[in-house]
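# Results of the structural survey
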Amino acid sequence: MNDPRSIRFHYMIRAVLLLAFALYIGRLVQQDALHYYVAPKLARWIRLCPIPLALMSLSLAAQALLGRARALCDCEHKLPRSLPGGAALYGLFLLPLLLGFLLPDRALGTAAAARKGLALSYVSPETGAGRSIAEEPYQREFTALANRLYALPVIPVYPQLFSETFGAIDLYKNNFEGKDIVLSGFLYKDPKAEDPAYAVGRFLVQCCTADATPLGIRIDPAAQISLPADTWIEVRGKLHVVPYGGGEILQITPERLTPLDAPATPYVYANGDSVAAWEELRTSARLK
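The sections below set out a description of the structure shown in this document. The shown structure was predicted, so the numbers you read here are calculated from the model rather than taken from an experiment.

Applying the stated rule across the entire model yields seven aromatic pairs. Look at Phe186 and Phe203: their rings are 5.7 Å apart centre to centre, the planes differ by 15°, and that puts the pair in the stacked class. With Phe186 in strand E2 (residues 180-189) and Phe203 in strand E3 (residues 198-204), this residue pair connects regions lying 17 residues apart in the sequence. With respect to class, Phe186 is no different from Phe203; both count as buried. Taken together, the ring pairs connect Phe186, Phe203, Trp232 and Tyr267 into an aromatic cluster. The cationic tip of Lys179 hangs over the ring face of Tyr150; the distance from NZ or CZ to the ring centre is 4.8 Å.

Structure (structure tokens):
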């Protein structure tokens with residue numbers, strides 16, 4: 001068992017760490033940067049975290065400074081008894097905090113997509129790769145969405161429905177051969193390819209960037225692209241089905257490629273009812 005003086009010291013360190021986490025989250029909220037790390041449905045709860053974290057920090061600091069010696073105890077959770085042990089323990093919390101404060105807040109891009117593996121055919125975020133869309137419970141919804149997309153002279157890929165549109169087109173890729181499409185995303189350049197290999201991509205996020213799934217449509221390798229990787233672009237062109245990796249994928253032959261400013265919300269998220277969401281977006285687009 002540690003002596004009261006040592007316990008007070010550990011209490012104070014933990015109070016400082018909790019306060020630092022509260023300040024870091026408050027900084028992200030104040031700079032409107034939470035969307036770089038978590039989905040909107042989770043962000044609304046994380047915005048509230050600085051309050052309980054600050055209260056917990058205040059409570060620990062009060063115990064460290066004002067608590068009676070006999071009330072201080074480390075019975076249930078043993079405190080580190082050596083300096084290296086304490087440094088290792090608290091370093092696990094301090095290191096991510098320092099990185100958070102020192103590194104710029106920015107969206108995931110080519111480097112993260114290359115590590116995770118950019119999916120050039122639809123991948124369900126719930127089941128991962130290796131599953132056919134036909135096995136998924138939302139095949140009927142994708143079919144309904146594909147019918148609406150096919151009827152249009154130019155297919156708009158709304159960011160709010162990026163993954164659903166990608167899935168619907170990929171499910172019936174041969175039917176969309178030669179169709180015109182317009183979509184936006186970051187310019188992905190495969191760092192492992194000997195010849196330039198580009199795609200226009202987005203990260204599909206379920207809860208946070210740790211579970212982000214990079215999706216993309218390959219750009220025709222014959223296209224001349226001089227923009228650097230991770231440039232946000234809008235691409236308009238024709239869809240084609242091409243052989244790739246023992247199967248077939250969609251590829252876009254660009255007719256127009258325009259650089260864009262990075263969007264306020266760089267990631268895309270799954271929708272519960274993609275057909276209803278698509279109808280609402282189409283109505284809004286027509287009104288504009």
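Anyway, onward from the coordinates.
Let us look at the side chain of Thr165. Tracing the chain through its elements places Thr165 in helix H7 (residues 162-171). Among the residues examined, Thr165 registers a relative accessible area of 0% and is labelled buried. Setting aside its immediate chain neighbours within four residues, Thr165 contacts Leu145, Leu149 and Val157.

The next point concerns the environment of Ala114. Take Ala114: it is sitting in helix H5 (residues 110-116). Taking the C-alpha atoms as reference points, Ala114 and Tyr188, 74 residues apart in sequence, are found 8.7 Å from one another. Not counting chain neighbours up to four residues away, the residues in contact with Ala114 comprise Tyr188, Pro191 and Lys192.

With that out of the way, let us pick up the state of the cysteines. As enumerated under the stated definition, the model contains zero disulfides in all. Cysteine Cys207 is unpaired, with the sulfur of Cys208 as its nearest cysteine sulfur at 6.4 Å. Assessed through its relative accessible area of 37%, Cys207 is described here as partly exposed.

Here is what the cut-offs are and how they apply
- Residues numbered from 1 in each chain as written.
- Predicted model: local features only at pLDDT ≥ 70, side-chain atom pairs only at ≥ 80, totals over all residues.
- Heavy atoms only, no water.
- Phe/Tyr/Trp six-rings, centres within 6.5 Å; stacked < 30°, edge-to-face > 60°.
- Helix = DSSP H or I, 4+ residues; strand = E, 2+ residues; numbered from the N terminus.
- Buried < 20%, exposed > 50% of the residue type's maximum accessible area, 1.4 Å probe, protein only.
- Lys NZ or Arg CZ within 6 Å of the ring centre and 35° of its normal.
- Contact = heavy atoms within 4.5 Å.
- Disulfide = S-S within 2.5 Å.

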